[in-house]
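Okay, here's what each chain looks like letter by letter:
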Amino acid sequence: MAMAYPEAVCLRAQMAGALVDKEIASVDVLDITEVKGSWRFGSINQPPDVFRQRLLGGVITGAESVANSVFLPTSTGCALVLGYLAGRVLYHPPGETPPKRSCLRLRFADDSQLSVTISMWGLIRALNDQERREYVTKWYGRAIEPNSKECTWGGFRDAVSEVQDAKLSVKTFLHAFEPGYYVSGIDSGYAIEILHRARIHPKRKLVSLSPDEQESCYHNVNAVMEEAISKGGRSSEVDLYGRPGGFVPRACKDTLGHPCRECGTAIVKLTFECGSSYVCPRCQEQGGGE
Ligand SMILES: [Zn+2]
C-alpha cells in the first residue's frame, strides 16, 4: 500500500481545495529518535523543532506534486514534503480527532487538522526551496512523470535502448525506486498492472522486448496512470477524506485465482525481486527473456 503517482496527483488536487489559505497554528510531530520500529528508518529525519521553526505560523499557499511526492508550500518559504508514503494523509474538519498513531499533525487556525500516519515507510520533511530542489534531484533524477507531455513514445524507446544492463527486468525499469529510468512514481503494484495489460511477463529482461512490446508497455504506462487518476487512485488506498479510490487492478492480490479478463486463465502469484507479482500465465508468457 503506497502512494504512487496517481494517488499523489489526486491528493494534491484535494489538498488544493481543502488546505490553501489555511494558517498553521500548531505542529505536532513525533520525535523519531524516541521511536522503535521498522518504519523509523528513513521516515522523519528532522527533529520536531525544525518542523515547528519552518512551518508554524505559515499559511499554505498551494499544493504541488512530483511523481509520488506531494508538497505543501507555505508563506514561511518552507514546504511540508510527503514522499514515498505508505500510510494515510487525512483531513479532519473541526471537532474530528486524528488517528492515535498519526506521526504528524498540523492544526490550522480554524481548528481543522491534517494528519499523516505511516504504516510502512515514507519521507516526511519540512524543506526550503533549495533543499526541495535537491530532494527532487536525489529521488527522481532525470526521470519524468508518466502521462505527461514530456513522456513520449520516442523518449521511452530511447531510454530503453540506452539501458546497458542485460539483466535488468522490465518490471524494475518501470518502478525502480531511485532515480527512475524514464518514468517516475510508478510503484510495484502499478508496474504489475501495466505489464499484465501489455501481456508481458514481469521477469522478462528489458533488452529482450520487441519494438511492439516496448510500444505496448509505453501505451499501458499512460493508459493505466490516466485511468487510475480519473478514478481517484487505487481501491487499496484512501484519499484525503478517508475514502477508497475506484481503480481496481486486474492483476493484484484481490484477483489472485480469478479468471484473467482476456483469456479466463486463473491469475497466479509469483515472488520476484523482493515482492509479489500477479500474472496471467497464458497472456504473459515468460518466453526466452529469463
Ligand atoms: Zn490471460
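Here goes a summary of the coordinates provided.

What counts as what
Residues numbered from 1 in each chain as written. Predicted model: local features only at pLDDT ≥ 70, side-chain atom pairs only at ≥ 80, totals over all residues. Axes fitted to C-alpha atoms, helices over the stretch in contact; angles between N-to-C directions. Helix = DSSP H or I, 4+ residues; strand = E, 2+ residues; numbered from the N terminus. Parallel < 35°, antiparallel > 145°, perpendicular 65-115°, else oblique. Left-handed = near helix turned anticlockwise from the far one by under 90°. Contact = placed C-beta atoms within 7 Å. Nonpolar A, V, L, I, M, F, W, Y, C, P; charged D, E, K, R; others polar. Expected span 1.5 Å × (residues − 1). Buried ≥ 20, exposed ≤ 12 C-beta atoms within 10 Å, placed from the backbone. Pairing = 2+ DSSP bridges.

## Thoughts on the packing of helix α6 (residues 188–197) against helix α7 (residues 211–230)
The geometry of a pair of packed helices is captured by two quantities: the angle between their axes and the separation between those axes. Relative to each other, α6 and α7 sit at 125°, their axes nearing to 9 Å. Overall, the two elements α6 and α7 adopt an arrangement that is oblique. The two elements α6 and α7 meet at a crossing, and its hand is right-handed. Contacts between α6 and α7 involve Tyr-190, Glu-193, Ile-194 and Arg-197 from the first element and Cys-217, Asn-220, Val-221 and Val-224 from the second. A per-class count over the contact of α6 with α7 returns five nonpolar, one polar and two charged.

## Quick look at helix α1 (residues 5–18)
Taking 1.5 Å of rise per residue, 14 residues should cover 20 Å, and α1 covers 20 Å from first to last C-alpha, within 8% of that figure. For α1, the set of buried residues is Tyr-5, Pro-6, Glu-7, Ala-8, Val-9, Cys-10, Leu-11, Arg-12 and Met-15. As for α1, its buried residues are in contact with β2 (64–66), β3 (69–73), β5 (87–92) and α7.

## A few points about the sheet that holds strand β4 (residues 78–83)
Within the open sheet, the four strands sit side by side as β2-β3-β4-β8. Their pairing is antiparallel. The open sheet terminates on both sides in strands that have one partner only, identified here as β2 and β8 (123–128). Averaged over all neighbouring strand pairs, the angle between strand axes comes to 25°, with direction disregarded. Taken together, the five bridges between β3 and β4 define a ladder with antiparallel strand orientation. Bridging from a neighbouring strand, Leu-72 pairs with Leu-80 of β4. Its contacts with the sheet place α1 against β2 and β3, and it is angled at close to 20° to β3. Across the sheet, helix α3 (residues 129–140) touches β2, β3, β4 and β8, and the angle it forms with β8 is around 135°.

Read these as spatial facts, not as claims about activity.
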